[in-house]
Amino acid sequence: SQQGEEDPQALSIQEGENATMNCSYKTSINNLQWYRQNSGRGLVHLILIRSNEREKHSGRLRVTLDTSKKSSSLLITASRAADTASYFCATGGSNYQLIWGAGTKLIIKP
Amino acid sequence: DAGVIQSPRHEVTEMGQEVTLRCKPISGHNSLFWYRQTMMRGLELLIYFNNNVPIDDSGMPEDRFSAKMPNASFSTLKIQPSEPRDSAVYFCASTWGAGTQETQYFGPGTRLLVL
């Protein structure tokens, strides 16, 4: 079952601009993770934020988590052509299972 | 370190044939997941193994699907007989611990087309 809902479903921006993607979820979580999937490839983990954290950075990535609103955002700054991919959020709860969103397709135009 | 290894990368078969997908998890990982990805249904968890034992196979679509993990370094997902609606990309992922608190590491996937 899919809990996370990414917004927007698709995003097209110019190279150098910032890209923001959002994820909403329904139940309580222990952590929220963001993954990237390049066309024809497997998913690659980008960042994990725990339920007691509000913000986390990794290079050009910034993730925020608002547990009161059950939402998270992923910001990619100074986008590059290589950032073109689909981005998925996944929530971890009380058991082994990650609940996946449907993904945001990001296109960076040169 | 090698990542998760899956084979074959592509498989084209005819309806009714048996298909076997293979996965080698990252050494030291004790949790293994099989996923299926389609445009219509997104990423679906098929089965989860922990310490080589199937913990949850509720995502396996029907009896035509079976999965085994005979040891910590090898798992198979078998479809017999295959049907056109099984066409999808199948991913194997591994991690350590009980899974949910940790990053999952995905293989490159097997793209299956059933004609």
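Remember, it's a predicted structure, so these values are computed and weren't measured experimentally.

*Asks:* Quick question: what am I supposed to make of the overall build of chain B here?
*Replies:* When you go through chain B residue by residue, the secondary structure sums to zero helices and eleven strands. Ordering the α and β elements of chain B from the N terminus gives β-β-β-β-β-β-β-β-β-β-β. On C-alpha atoms alone, chain B measures out to a radius of gyration of 13 Å, which is about the 13 Å that the 2.2 N^0.38 rule sets for 115 residues. Based on the C-alpha atoms only, the size of chain B along its principal axes is roughly 40 × 30 × 25 Å. Within the span of chain B, comprising 115 residues, buried residues form 48% of the whole. Considering only residue pairs separated by 6 or more positions, chain B has 54% of its internal contacts joining residues 24 or more positions apart. Just so you have it, chain B exposes about 5,600 Å², and 52% of that area is on carbon and sulfur atoms. Across chain B, the mean location of the 10 positive side-chain charges is 4 Å away from that of the 12 negative side-chain charges.

*Asks:* Any chance you could explain the state of the cysteines here in plain terms?
*Replies:* By definition, a disulfide links the sulfur atoms of two cysteine residues through a covalent bond. Residues and elements named next belong to chain A. Scanning all chains against the criterion turns up two disulfides over all chains. The residue that forms a disulfide with Cys 23 is Cys 89, at a sulfur-sulfur distance of 2.0 Å. Negative torsions about the S-S bond denote left-handed disulfides, and the value of about 65 degrees found for Cys 23 with Cys 89 makes this one right-handed. Taken as a pair, Cys 23 in strand S3 (residues 19–24) and Cys 89 in strand S9 (residues 85–92) lie far apart in primary sequence, 66 residues in all. Comparing Cys 23 with Cys 89, the two get one shared label, buried.

*Asks:* Looking at this structure, I do not really get the nonpolar core. What am I missing?
*Replies:* For soluble globular proteins, the rule of thumb is that nonpolar side chains tend to be buried together. With 21 residues, the main nonpolar core has Leu 32, Trp 34, Leu 74, Ile 76, Tyr 87 and Leu 106 of chain A as its most contacted residues. Broken down by secondary-structure element, the contributors of at least two residues to this core are S3, strand S4 (31–37), strand S5 (43–50), strand S7 (61–66), strand S8 (71–76), S9 and strand S11 (104–109) of chain A. The residues contacting Leu 32 of chain A, other than those within four sequence positions of it, are Cys 23, Tyr 25, Ile 47, Leu 48, Ile 49, Leu 65, Ser 72, Cys 89, Ala 90 and Thr 91 of chain A. Formed by 20 residues, the second largest nonpolar core is a distinct cluster that contains Val 4, Ile 47, Phe 49 and Ala 88 of chain B.

*Asks:* Can you help me understand the interface of chain B and chain A in this one?
*Replies:* Accessible area lost on assembly of the parts is the figure often given for the size of an interface. Contact with chain B, which involves 22 residues of that partner, is made by 21 residues of chain A. Together chain B and chain A conceal approximately 1,600 Å² of surface at their shared face, both sides included; 48% is due to carbon and sulfur atoms. Counting the contacts that link chain B with chain A gives zero salt bridges. Here chain B is connected to chain A by four residue pairs in polar contact (both at pLDDT 80 or more). Contributions of two or more residues to the side of chain B that touches chain A are made by strand S4 (31–38) and strand S5 (42–50) of chain B. Broken down by element, the residue count for the side of chain B that touches chain A peaks at four residues, all from S5 of chain B.

*Asks:* So what exactly am I meant to see when it comes to the sheet that holds S7 of chain A here?
*Replies:* Strand pairing in a sheet relies on backbone hydrogen bonds, with the paired strands running either antiparallel or parallel. Residue and element names in this part refer to chain A. Within the open sheet, the five strands sit side by side as S1-S3-S8-S7-S6. Their pairing is antiparallel. Each edge of the open sheet is held by one strand with a lone partner, namely strand S1 (5–7) and strand S6 (55–58). Within the sheet, the average angular offset between the axes of one strand and its neighbour, ignoring direction, is 15 degrees. In this sheet, S8 lies alongside S3 in antiparallel orientation, the contact comprising six bridges. Counterpart to Ala 19 in the pairing with S8 is Ile 76.

*Asks:* Is there a simple way to think about the sheet that holds strand S3 (residues 19–24) of chain B in this case?
*Replies:* All names here are of chain B. Read from one edge to the other, the open sheet built from four strands follows the order S1-S3-S8-S7, with strand pairing classed as antiparallel. Edge positions in the open sheet fall to strand S1 (5–7) and strand S7 (65–71), since each of these has one partner strand only. Going from strand to strand, the sheet's axes swing by 15 degrees on average, the running direction of each strand aside. Two elements, S1 and S3, share three bridges in a ladder whose sense is antiparallel. Within S3, the residue paired with Gln 6 across the bridge is Cys 23.

*Asks:* Help me out: how do you make sense of the pattern of salt bridges in this one?
*Replies:* A side chain with one charge can pair with a side chain of the opposite charge if their charged atoms come near. What the rule picks out here adds up to eleven salt bridges over all chains. Overlapping salt bridges bring together Glu 62, Arg 64, Glu 83, Arg 85 and Asp 86 of chain B as one network.

*Asks:* For this particular structure, what's the right way to read the side chain of Ser 73 of chain A?
*Replies:* Residues and elements named next belong to chain A. Looking at the secondary structure, you find Ser 73 in strand S8. A relative accessible area of 15% places Ser 73 in the buried class. Polar contacts involving the side chain of Ser 73 include one to the side chain of Thr 64, which spans 2.6 Å. Residues contacting Ser 73, with those up to four places away along its chain left out, are Thr 20, Met 21, Asn 22, Trp 34, Arg 62, Val 63 and Thr 64.

Each value, and the rule that gives it
Each chain carries its own residue numbering, running from 1 in the written order of its sequence. Throughout, the order in which chains and ligands are written sets their labels, letters from A for the former and numbers from 1 for the latter. Local features in a predicted model are, by the rule used here, given only for residues with pLDDT of at least 70; side-chain atom pairs are given and counted only at 80 or more, and totals for whole chains, interfaces and linings are based on all residues. For side-chain calculations, the full set of non-hydrogen atoms in the structure is used, while hydrogens and water are omitted. Put simply, DSSP marks the helices as runs of H or I at least four residues long and the strands as runs of E at least two long, and each gets a number from the N terminus on. Only C-alpha atoms enter the radius of gyration; for comparison, a globular chain is expected to reach 2.2 Å times N to the power 0.38, where N is the number of residues. Burial classes: relative accessible area under 20% of the type maximum marks a residue as buried, over 50% as exposed, and values in between as partly exposed (1.4 Å probe, protein chains only). We call two residues in contact when some of their heavy atoms are within 4.5 Å. Accessibility throughout is a Shrake-Rupley quantity obtained with a 1.4 Å probe, and a residue counts as covered only by protein chains that appear here. Positive residues here are Lys and Arg, negative ones are Asp and Glu, while His and the chain termini are left out of the count. To locate a charge, the coordinates of NZ of Lys, CZ of Arg, CG of Asp or CD of Glu are taken. Two cysteine sulfurs form a disulfide in these notes if their separation is within 2.5 Å. To define a nonpolar core, start from buried Ala, Val, Leu, Ile, Met, Phe, Trp, Tyr and Cys residues and group those joined through side-chain atoms within 4.5 Å. Buried area adds together the accessible area that both of two parts lose upon being put together, with accessible area traced by a 1.4 Å probe. Salt bridges are defined as contacts in which a side-chain nitrogen from Lys or Arg sits within 4 Å of a carboxyl oxygen from Asp or Glu. Between N or O atoms, a polar contact is any pair within 3.5 Å; within protein, one atom must be a potential hydrogen donor and the other a potential acceptor, and residues adjacent in sequence are included only when both atoms are from side chains. Strands are labelled as partners when DSSP assigns at least two bridges between them. In this analysis an axis means a line fitted to C-alpha atoms, helices contributing only their contacting stretch, and an angle means the value between N-to-C directions, from 0 to 180 degrees.

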